[in-house]
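Secondary and tertiary structure notes
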4 protein chains.
Amino acid sequence: MKTTEITIFKRPELKNPIFIEGLPGVGYIGRNVAGYLIDTLKAEKFAELHSFHFPPVAMLDSEKNGKMSALKNEFYFYRAKNRDEQDMIILIGDAQSMDPIGHYEISREVINFIKEFRPKIVMTLGGFATGKLDNKKQTVFGAAVKDKIIKIFEKKGIKFKDTNIGQIIGASGLIVLEAEKNNIDSVCLMGETSGMLLSDPKATESVLEFITKYLNLKIDMSKIEEKVKETGDVIKKIESLQKKLTTQSTPESSSDDEHLGYIG
Amino acid sequence: MKTTEITIFKRPELKNPIFIEGLPGVGYIGRNVAGYLIDTLKAEKFAELHSFHFPPVAMLDSEKNGKMSALKNEFYFYRAKNRDEQDMIILIGDAQSMDPIGHYEISREVINFIKEFRPKIVMTLGGFATGKLDNKKQTVFGAAVKDKIIKIFEKKGIKFKDTNIGQIIGASGLIVLEAEKNNIDSVCLMGETSGMLLSDPKATESVLEFITKYLNLKIDMSKIEEKVKETGDVIKKIESLQKKLTTQSTPESSSDDEHLGYIG
Amino acid sequence: MKTTEITIFKRPELKNPIFIEGLPGVGYIGRNVAGYLIDTLKAEKFAELHSFHFPPVAMLDSEKNGKMSALKNEFYFYRAKNRDEQDMIILIGDAQSMDPIGHYEISREVINFIKEFRPKIVMTLGGFATGKLDNKKQTVFGAAVKDKIIKIFEKKGIKFKDTNIGQIIGASGLIVLEAEKNNIDSVCLMGETSGMLLSDPKATESVLEFITKYLNLKIDMSKIEEKVKETGDVIKKIESLQKKLTTQSTPESSSDDEHLGYIG
Amino acid sequence: MKTTEITIFKRPELKNPIFIEGLPGVGYIGRNVAGYLIDTLKAEKFAELHSFHFPPVAMLDSEKNGKMSALKNEFYFYRAKNRDEQDMIILIGDAQSMDPIGHYEISREVINFIKEFRPKIVMTLGGFATGKLDNKKQTVFGAAVKDKIIKIFEKKGIKFKDTNIGQIIGASGLIVLEAEKNNIDSVCLMGETSGMLLSDPKATESVLEFITKYLNLKIDMSKIEEKVKETGDVIKKIESLQKKLTTQSTPESSSDDEHLGYIG
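Residues numbered from 1 in each chain as written. Chains lettered and ligands numbered in written order. Predicted model: local features only at pLDDT ≥ 70, side-chain atom pairs only at ≥ 80, totals over all residues.

For the rest of this paragraph, the subject is the overall build of chain A. Assigned secondary structure in chain A consists of six helices and 13 strands. With 264 residues in all, chain A has 54% of them scored as buried. If you take every contact in chain A between residues at least 6 apart in sequence, the share linking residues at least 24 apart comes to 74%. (Helix = DSSP H or I, 4+ residues; strand = E, 2+ residues; numbered from the N terminus. Buried ≥ 20, exposed ≤ 12 C-beta atoms within 10 Å, placed from the backbone. Contact = placed C-beta atoms within 7 Å.)

This paragraph deals with the packing of helix 2 (residues 100-114) of chain D against helix 4 (residues 171-181) of chain D. Residues and elements named next belong to chain D. Running from amino to carboxyl end, helix 2 crosses helix 4 at an angle of 50°, the nearest separation of the two axes being 9 Å. Comparing the axis directions of helix 2 and helix 4 gives the class oblique. The handedness of the crossing between helix 2 and helix 4 comes out as right-handed. Here helix 2 contributes His103, Tyr104, Ile106, Ser107, Arg108, Val110 and Ile111 to the contact with helix 4, which in turn contributes Ala171, Leu174, Ile175, Glu178 and Ala179. Across the contact of helix 2 with helix 4, the residue classes break down as eight nonpolar, two polar and two charged. (Axes fitted to C-alpha atoms, helices over the stretch in contact; angles between N-to-C directions. Parallel < 35°, antiparallel > 145°, perpendicular 65-115°, else oblique. Left-handed = near helix turned anticlockwise from the far one by under 90°. Nonpolar A, V, L, I, M, F, W, Y, C, P; charged D, E, K, R; others polar.)

All right, on to the confidence of the model for chain A then. Scored by pLDDT, chain A has a mean of 87; 84% of the residues are at 70 or more. Two numbers describe this predicted complex: its pTM, 0.90, and its ipTM, 0.88. (pLDDT = per-residue confidence, 0-100.)

Count 3.6 residues to each turn of an α-helix, and residues three or four apart come out pointing the same way. Residues and elements named next belong to chain C. In a regular helix each residue adds 1.5 Å, so 15 residues correspond to 21 Å; helix 2 (residues 100-114) covers 22 Å between its end C-alpha atoms and thus fits that length. With twelve of 15 residues buried, helix 2 lies mostly within the body of the structure. Residues of helix 2 that are buried include every one of Pro100, Ile101, Gly102, His103, Tyr104, Glu105, Ile106, Ser107, Glu109, Val110, Ile111 and Ile114, and no others. Tucked into the core, helix 2 has its buried residues touching strand 1 (4-8), strand 2 (18-22), strand 3 (44-51), strand 7 (88-93) and helix 4 (171-181). (Expected span 1.5 Å × (residues − 1).)

A few words on the pairing of strand 5 (residues 67-70) of chain D. Residue and element names in this part refer to chain D. Side-chain alternation along strand 5 places Met68 and Ala70 on a buried face and Lys67 and Ser69 on a face that remains uncovered. Examined bridge by bridge, strand 4 (residues 57-61) and strand 5 share four bridges and lie antiparallel to one another. Across the sheet, residue Met59 finds its bridge partner in strand 5, namely Ser69. (Pairing = 2+ DSSP bridges.)

Attention now goes to unusual backbone geometry. Excluding glycine, a negative phi dihedral is what most residues carry, and trans is how most peptide bonds are arranged. At Asn183 of chain C, a residue that is not glycine, the phi angle is positive and equals roughly 60°. Looking at where Asn183 of chain C falls in the secondary structure, it is placed in the loop between helix 4 and strand 11 (186-193). Judged by the 7 C-beta atoms lying within 10 Å of it, Asn183 of chain C falls in the exposed class. A positive phi angle is found at Asn216 of chain D, which is not glycine, with a value near 55°. Within the secondary structure layout, Asn216 of chain D lies in the loop between helix 5 (201-214) and helix 6 (224-247). Judged by C-beta crowding, with 12 C-beta atoms within 10 Å, Asn216 of chain D ranks as exposed.

The next thing to look at is the environment of Ala144 of chain B. Residue and element names in this part refer to chain B. By the element assignment, Ala144 lies in the loop between strand 9 (140-143) and helix 3 (147-155). Overall, the presence of 27 C-beta atoms within 10 Å leaves Ala144 in the buried class. Separated by 83 residues in the primary sequence, Ala144 and Asp61 place their C-alpha atoms 38 Å from one another.

Attention shifts here to helix 1 (residues 29-41) of chain A. Residue and element names in this part refer to chain A. With 13 residues, helix 1 extends 18 Å between its outermost C-alpha atoms, agreeing within 8% with the 18 Å of an ideal straight helix rising 1.5 Å per residue. For helix 1, a buried count of eleven out of 13 residues is recorded, marking the element as mostly surrounded by other parts of the structure. Among the residues of helix 1, Ile29, Gly30, Arg31, Asn32, Val33, Ala34, Gly35, Tyr36, Leu37, Ile38 and Leu41 are the ones counted as buried. A positive phi of about 50° marks Lys42, the residue just after helix 1.

As a further point, take the environment of Tyr78 of chain A. All names here are of chain A. Note that Tyr78 resides in strand 6 (residues 73-78). Expressed as a C-alpha distance, the spacing of Tyr78 and Lys229, which sit 151 residues apart in the sequence, is 24 Å. In contact with Tyr78, not counting residues within four places along its chain, are Leu41, Ala43, Asp87, Met88 and Ile90.

Moving on to the environment of Ser97 of chain B. Residues and elements named next belong to chain B. Relative to the helices and strands, Ser97 is located in the loop between strand 7 (88-93) and helix 2 (100-114). Sequence-wise, Ser97 and Ala80 are 17 residues apart; in three dimensions their C-alpha atoms are separated by 32 Å. Residues in contact with Ser97, not counting those within four places in the same chain, are Ser51, His53, Phe54, Gly102, His103 and Ile106.

Put into structure tokens, the structure is as follows:
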């Protein structure tokens, strides 16, 4: 039985697309950036990844109409509108693996899938929590395997040195490593955040600003705060779920408010 | 080595049966409803599911005669007695998976098996604990993937909106998702319960009442309290076992009373 | 990669042997009985089971000569010396699986292996801890799948009813269930123990007495206390190891005395 | 999907090489000895092992240039410079398996790979923490499967008896057992350390001294303290990572200083 599967709805023709990963992580910066790009660019979904390594739950949209959906990672594509822009594939999702082995497995499946599109570069997005509240403009940190890539992104303002970052846990790091194993250029970009906000609009903006400039995208940035707040609700739900699932393993379920109820 | 296996004793001919799942969960509502249906309808067992993902134990019927049995999920069928009724497959069991991956694996095996019977609809049963003791008639909550299904069941009195339910953990949710992936209509029904009762006769009755009406079944409901109490004993045993197994992993065994003894 | 393997040194010709399992468990009663039988009957080793599900350690015989050995389960055989006796296969070992799935996998491999010898009956041995210190002769409790087997062993003095035993965790239970799935008669016998002794000579004697009588063996029982004490040292080492491994997972090692040292 | 893979860059011709394993463990003695040998002998890397059982992280060299790399175990070879020396394969690495099953899997893959080089002997290196600070010269302890090997190394000053070592957890023990299963002579050597130092130069020196004498290597030992201190920084990072990963499983990342930040 295959424990991680990608279902393809459509095979878009893309010219060396930029691949952007925005799965959940600290500050949900990657996820928020990916979400904003998908919304404003009206990117089109073409594939879905499901994994037995995700939390074993069905999500409910109970504030709206009781619709149930599976945890998934979703692949969107965007086709360049003019010669300044570039084709893109954006990966967004509700969940990462619950166990160490699943992180490796999912990262491998993602790269195995997107490498057939011959991506120009793989960019994974995350956050780096400094533990300090700060009001000035937030730095975007970087990490990469190749010196060539470090040089290119350093020139564009990304901070690679003296960052005090020791490791990157989960998809953002492993997808870069897996990409490089397949000779695909790649970089991880991390927005500086205090780590005290569930979802950080300022950090999201810093990363988004870099990405749009790098990709020559013309994007209305005025709705970031609003969008980030919106995503915050979905995120809170998943956040509290993850905590619960890592401390217990008996089958039961939960409402949005941790103390309000359980389903089975 | 296959870690989840279904053993088939008999292949009944059924006409687009209704599939009902009642595995253990909060309030044991699904399990009790399924048990009551099997008993009163005299449904016949035709298959068993065993999994390495169940707790690694043999159950003892030590109050009676020391008989030992494996943890299992059991498939029963019921053939419509008249034109108002419908053929049914009922899944009942002692256990769910102990680990996240097993929940996905077992749900997939269940749907892979029952889909050859071309079920008309998959109905999974569970409980939703509100945390409040309440004496009035209890609501039955619903969740489904398709708007069409939500509309049908809303008209019949199931509550889908404003339920404050965030997620469904385990088989009840994943079986619905797996069914829909195979284009089988499906719905999850959850009885409202305080969550303070190991086994809740009132909530069981609410769900059972809905099911029998939906299925045009004529069933004597007078023995629910008695039956629910009966099941309570088996349940207590499994409940205390699950708790123990998730907090320790060395091989030992236990009596019904958590403090009375251990076997090895 | 096969995670549980049996290496066969020799294929003895045996006539419907009695299979006796004595792996580690509460009170180490099964292991001590199996060890005593192997020693006094001078049973011969013919196969070994190794599993990735055992604790990931090498055992050291450091009091003696620093010899290192793998954790293993060992199969011994004994050929009947006269017409009163019966051929036997005895399984003894240092360890059981560390995780739930491994218990199922190992039990299946054991039965798959021994079923080719067409065993007359499978007898698994364990202990049942009552929590009470008691000086009178200790009861031997039983559990079995078939009524026929329960009747036979009840007549011989084994207690099946009103034992207050709820479940049997690990190999002793799962091997019986796996045997019965293969239509091999089987029974689990459990010596009553306080549960406060690491290794209980009295309970060991009760079970051994029953076994020797059942098998018409003439065995010198005078050395039980001594033997049980001897095994106690090996057991203490494994016991403290199991505890350590279930609470931590970083690679390190330990001396016999938990506080004396670590290796890496 | 293969969960442990060895990538080979080059197939050196070697004459019955000595195989030395120096993966991370208590006191990081094995890793430091292996590192010192590789540096001073200018051994050449020819293969890399990657495993899904390693912690799911990308390591950052953030003090330097933000370079990212995968956790890996690396195979180096050294060709004898004169008739006194011997060909060698040295295994060094950043990580061991996070889970029990992975320890077995990785040890098997290592031996499967190096056995084609027909190694003369497999030597695994580790530390044994006594819990006592001591200023005198530190003992090197040994463990082996064959009496023949114990005798040979006892004559050379390794202590096998009365060591109070009960078990060896992880690669150092399992690689020896796996080697012997393949009829390859092998021994585990452990430097005595207090266990209170993250990295112990004195214990490293004791083991290194033994190894160089055993292998007739002429090596400048004056830089051990310096080198051990250097490795200490890398080690601290991995150490704090391992602790974090075994207590939580949600995806996030960390800086060198545990309290300074998180990435996602």
